[in-house]
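Here is what each chain is made of, one letter per residue.
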Amino acid sequence: SKRVLWIDVSRVIAALLIMYVHLSSPFLQAVSLHLFYLGRVPFFLVLAGYFLGRNITWNKAFNRALWLFIPFMFWNILYVFLVLPHDGASFRLENLIGIRDVFLPGMNLFSADDSHAVPPIGPSWFLRDIIILTLLTPLLVRVKILLFPAVLLFFCFFNTAPDHTETISIGTCAFYLLGVALSSRRIDDIHLLMNKKFGIFFWVSIFMPVVLIALYSAGVIPLWKETAIGMLLGVMMIMYAGIWMEKHLPGLSAKIALLAPACFLTFMLHWPIYGFLPPAMKSSLFAFFTPLLVFAAIVLFYFALKRFAPFLLPYLA
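This one's a predicted model, so the numbers in the text were calculated from it and none came from an experiment.

J.: In this structure, what is going on with the pattern of salt bridges? I would like to understand it.
T.: Any two side chains of opposite charge can pair, given that their charged atoms come close. Inspection of the entire model under this criterion finds 5 salt bridges. In this structure, D8 engages R11 in a salt bridge whose closest nitrogen and oxygen atoms are separated by 3.0 Å. With a gap of 3 residues between them, D8 and R11 both fall in helix 1 (residues 5–21), about one helical turn apart. For the pair D8 and R11, one class covers both residues: buried. Each member of the salt-bridge network shares a partner with another, and the members are R3, D8 and R11.

J.: Help me understand the confidence of the model for the protein in this model?
T.: In low-pLDDT segments, the atomic positions of the prediction should not be examined closely. Here the protein shows a mean pLDDT of 85. Residues at 70 or above account for 85%. No element of the protein has a lower mean pLDDT than strand 1 (residues 101–102), at 50, and none a higher one than helix 15 (residues 290–308), at 96.

J.: Is there a simple way to explain the environment of M245 in this structure?
T.: For M245, the location among the structural elements is in helix 11 (residues 228–248). M245 sits 235 residues away from S10 along the chain, and the two C-alpha atoms are 9.2 Å apart. When residues no more than four places from it in sequence are discounted, the contact partners of M245 are V9, I13, P250, L252, S253 and I256.

J.: How should I be thinking about the nonpolar core in this particular structure?
T.: Most often, soluble globular proteins have nonpolar side chains that are buried together. Residues F36, F43, F44, F126, Y176, F202 and M268 are the most contacted members of the largest nonpolar core, which totals 95 residues. Per-element accounting of this core gives the leading share, 13 residues, to helix 1. Apart from the residues within four sequence positions on either side, F202 is in contact with F36, M237, Y240 and A241.

J.: Looking at this model, I keep getting lost on the packing of helix 1 against helix 12 (residues 250–257). Mind explaining?
T.: Running from N to C, helix 1 and helix 12 point in directions that differ by 70°, and their axes come no closer than 8 Å. The orientation of helix 1 relative to helix 12 falls into the category roughly perpendicular. For the crossing formed where helix 1 meets helix 12, the hand is left-handed. Judged by residue contacts, L5, D8, V9 and V12 of helix 1 engage S253, A254, I256 and A257 from helix 12. Within the contact of helix 1 with helix 12, the residues separate by chemical class into 6 nonpolar, 1 polar and 1 charged.

J.: Would you mind showing me how to read a nonpolar patch on the surface here?
T.: A surface patch of nonpolar side chains, about 430 Å² in accessible area, is lined by W58, F62, L135, L136 and L139. Of all the secondary-structure elements, those providing two or more residues to the nonpolar patch are helix 4 (58–82) and helix 6 (125–142). No other element matches the 3 residues that helix 6 contributes to the nonpolar patch. Inspection of the secondary structure puts L136 in helix 6. Overall, L136 belongs to the partly exposed group, its relative accessible area being 31%.

J.: Sorry if this is basic, but what is going on with helix 1 here?
T.: The terminal C-alpha atoms of helix 1, which comprises 17 residues, lie 25 Å apart, in line with the 24 Å expected from a rise of 1.5 Å per residue. Burial analysis of helix 1 places 16 of its 17 residues in the buried class, the great majority of the element.

J.: Even after reading the chapter, I still don't get the side chain of D129, so can you show me in this structure?
T.: Checked against the element boundaries, D129 lands in helix 6. Within the structure, D129 has its side chain in polar contact with the side chain of R128 (distance 2.8 Å).

J.: Can you help me understand the environment of G234 in this one?
T.: Position of G234 relative to the elements: it lies in helix 11. For the pair G234 and L35, spaced 199 residues apart in sequence, the C-alpha to C-alpha distance is 8.3 Å.

J.: It is not clear to me how unusual backbone geometry should be interpreted in this structure. Could you clarify?
T.: Leave glycine aside and you will find that most residues have negative phi; peptide bonds, for their part, are mostly trans. Despite not being glycine, Y37 has its phi angle at roughly 50°, a positive value. On the secondary structure map, Y37 appears in the loop between helix 2 (26–34) and helix 3 (40–52). Relative accessible area serves as the criterion here: at 11%, Y37 is assigned to the buried category. In this structure, N55 takes a positive phi of about 55° despite not being glycine. Tracing the sequence through the fold places N55 in the loop between helix 3 and helix 4. In this structure N55 comes out as exposed when scored by relative accessible area, which is 63%.

J.: What is the right way to read the packing of helix 4 against helix 13 (residues 263–276) from this model?
T.: Each packed pair of helices is defined by two parameters, the angle between the axes and the distance between the axes. Relative to each other, helix 4 and helix 13 sit at 10°, their axes nearing to 11 Å. One way to sum up the angle between helix 4 and helix 13 is to call them roughly parallel. Along the contact surface, helix 4 presents L68, P71, F72, W75, N76 and Y79, while helix 13 presents F264, L265, M268, L269, W271 and P272. Grouping the amino acids of the contact of helix 4 with helix 13 by side-chain chemistry returns 11 nonpolar, 1 polar and no charged.

What counts as what
Residues numbered from 1 in each chain as written. Predicted model: local features only at pLDDT ≥ 70, side-chain atom pairs only at ≥ 80, totals over all residues. Heavy atoms only, no water. Salt bridge = Lys/Arg side-chain N within 4 Å of Asp/Glu carboxyl O. Helix = DSSP H or I, 4+ residues; strand = E, 2+ residues; numbered from the N terminus. Buried < 20%, exposed > 50% of the residue type's maximum accessible area, 1.4 Å probe, protein only. pLDDT = per-residue confidence, 0-100. Contact = heavy atoms within 4.5 Å. Core = buried A, V, L, I, M, F, W, Y, C linked by side-chain atoms within 4.5 Å. Axes fitted to C-alpha atoms, helices over the stretch in contact; angles between N-to-C directions. Parallel < 35°, antiparallel > 145°, perpendicular 65-115°, else oblique. Left-handed = near helix turned anticlockwise from the far one by under 90°. Nonpolar A, V, L, I, M, F, W, Y, C, P; charged D, E, K, R; others polar. Patch = residues over 30% accessible without salt bridge, like charges linked within 9 Å, V, L, I, M, F, W, Y side chains within 5 Å. Areas by Shrake-Rupley, 256 points an atom, 1.4 Å probe, with all protein chains shown as cover. Expected span 1.5 Å × (residues − 1). Polar contact = N/O pair within 3.5 Å; in protein donor to acceptor, adjacent residues only side chain to side chain.

The following block contains the structure:
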């Protein structure tokens, strides 16, 4: 009923980071991958777990999963019919949802072919996982007291990023469980903690990868590997970036927050749009502006739907 401005700003930041990662420019990929320590996807997983874990019931879980599934399937089916035939790619029914393994590698529903690991629109694997985790959330909140130890074990013994190569990876589950575990905390408490205690860590954490990316660009060092702790730090940095903008740039933040409801469409549409763009727009210096232009086009499409065909929003956006 009440939108939280800094969360919406953080959502837009994370969505843009995802869009930059999917470019062909090695430098922009390196910056967007590492400037926030690969926290972009874990941020959305924590956010989904947090809000779905509050006052969840089986009816709410099924309703939420259904209204994620409908637009998820619509865009993937449309992509199959309009794009894949021109790419000469083969298609099987199981590819439509992107099912290969169930939670763990080796538990194959279909042949162990990597083409089944992701839906036709590759980045929408994240939404596929959210749909499945949504249906499990009423069970998860019943054992909420065990979730923090489970997440702690993950950070101690695993170093696995949220990944599309399994139906739901260990990393995906861990960050979602963290969100569910935090769902008993008030948003204002999280805001206070981040606003009071995290500022110095944020600016130090921004400075470090800037130096490392510069050394990578000069060929001095290779790109570093992701770590679970680093991704958790990245989640907190994205959150703090929204809080900082809300505090210091309130006018700009209010305008950016208005764009957040279009984030679902950015997951579904930016990858297909990239496929129609000339290579120069994804790999040259102009690529810096490409995600911003594509994001603007998707936002305009969202607001056109909202203005002229609002009844379509639940089915498409």
